[in-house]
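Overview (structure and organization)
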Amino acid sequence: QKEVEQNSGPLSVPEGAIASLNCTYSDRGSQSFFWYRQYSGKSPELIMFIYSNGDKEDGRFTAQLNKASQYVSLLIRDSQPSDSATYLCAVNLGPTSYDKVIFGPGTSLSVIP
Amino acid sequence: GAVVSQHPSWVICKSGTSVKIECRSLDFQATTMFWYRQFPKQSLMLMATSNEGSKATYEQGVEKDKFLINHASLTLSTLTVTSAHPEDSSFYICSARDSRGLNYEQYFGPGTRLTVT
């Protein structure tokens, strides 16, 4: 069973702090990795994707990938109350799995003003 | 870019009737679209993968005769919930994979909230 795991939270951080969201995956053949943000009652919104080991930065968001450890994370700097949402980690299993993308259960983030 | 629309955004229907939901990629071509269902406070559940011009691939436990999927063009996929029952009430979300995207990123539509009475 190919899985993506995340801490369900809720993760609470004060406004202005760094929020760190973690994700592990089971399939070593996984090719690319995505972070989505989902506000309550809305559909997911793509924040970032990463496919190479290391860090990728986009504004206040930094995605980190370590394929050897099968671990991907999302850091949100200077967290704002508007960042309060559920964050979904998604993994592309690669061509041997028809490039199927599977989602983790999501981590609920609450940024306290 | 990468905008996906869904119609309707919400629908209420009576038990036993059928409901069709449309998913369109507005500014890109999508050879592959996905249909998800999400119950309150739960994660996304992939129902089926829809490929343009071919039959959909359904996930285990999803009834293909109840959830009819048609992907007639590179920008349109439809999901028809046949003989709907109250337990089918859920948030249905489609996503589309940009054919040009090298990393197979998916873009989600806004979702359709279905209530079966």
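Our subject is the structure listed above.
Remember, it's a predicted structure, so these values are computed and weren't measured experimentally. Residue positions within a chain follow its written sequence, with the count starting from 1. Chains carry letters from A onward and ligands carry numbers from 1 onward, assigned in written order. Only residues with pLDDT of at least 70 get local features here, since the model is predicted, and only at 80 or more are side-chain atom pairs given and counted; chain-wide, interface and lining totals rely on the full set of residues. Water and hydrogen atoms were dropped before computing side-chain values, which therefore reflect all heavy atoms in the structure.

Should any heavy atoms of two residues lie within 4.5 Å, those residues are considered in contact. Contacts between the two partners involve 20 residues from chain A, matched on the other side by 19 residues from chain B. Two parts placed together each lose some accessible area under a 1.4 Å probe, and the buried area is that loss summed for both. A combined buried area of about 1500 Å² lies between chain A and chain B, and 54% of that area is made up of carbon and sulfur atoms. Salt bridge, as applied in this entry: a Lys or Arg side-chain nitrogen positioned within 4 Å of an Asp or Glu carboxyl oxygen. The tally of links between chain A and chain B comes to zero salt bridges. Comment: elements are numbered from the N terminus, with helices defined as DSSP H or I runs of at least four residues and strands as E runs of at least two. Top contributing element to the side of chain A that touches chain B by residue count: strand β4 (residues 32-38) of chain A, with four residues.

Residue and element names in this part refer to chain A. Paired strands are those between which DSSP finds at least two bridges. The strand order β1-β3-β8-β7-β6 describes an open sheet built from five strands, whose pairing is antiparallel. Where the open sheet ends on each side, the last strands, each with one partner, are β1 (4-6) and β6 (54-58). Within the sheet, the average angular offset between the axes of one strand and its neighbour, ignoring direction, is 20°. Examined bridge by bridge, β1 and strand β3 (residues 19-25) share three bridges and lie antiparallel to one another. Directly across from E5, in β3, lies its bridge partner T24. For helices, the axis comes from a line fit to the C-alpha atoms of the stretch in contact; other axes are also lines fit to C-alpha atoms, and the angle between any two N-to-C directions lies between 0 and 180 degrees.

Take the state of the cysteines next. Defined by distance alone, a disulfide is two cysteine sulfur atoms within 2.5 Å. Per the stated rule, a full pass over the model turns up two disulfides over all chains. The disulfide partner of C23 of chain A is C89 of chain A, and the gap between their sulfur atoms is 2.0 Å. Between C23 of chain A and C89 of chain A, the disulfide has an S-S torsion of -70° and is therefore left-handed. In this pair, C23 of chain A is assigned in strand β3 and C89 of chain A in strand β9 (residues 85-92), connecting sequence segments 66 residues apart. In this model C23 of chain B forms its disulfide with C94 of chain B; the gap between the sulfur atoms is 2.0 Å. On the S-S bond that ties C23 of chain B to C94 of chain B, the torsion sits near 80°, and the link is right-handed. Here C23 of chain B, found in strand β3 (residues 19-25), pairs with C94 of chain B, found in strand β9 (residues 90-97); they are 71 residues apart in sequence, far enough to count as distant. The two residues C23 of chain B and C94 of chain B agree in class, both being buried. Exposure classes here rest on a 1.4 Å probe applied to the protein chains alone. A residue is buried below 20% of its type maximum, exposed above 50%, and partly exposed in between.

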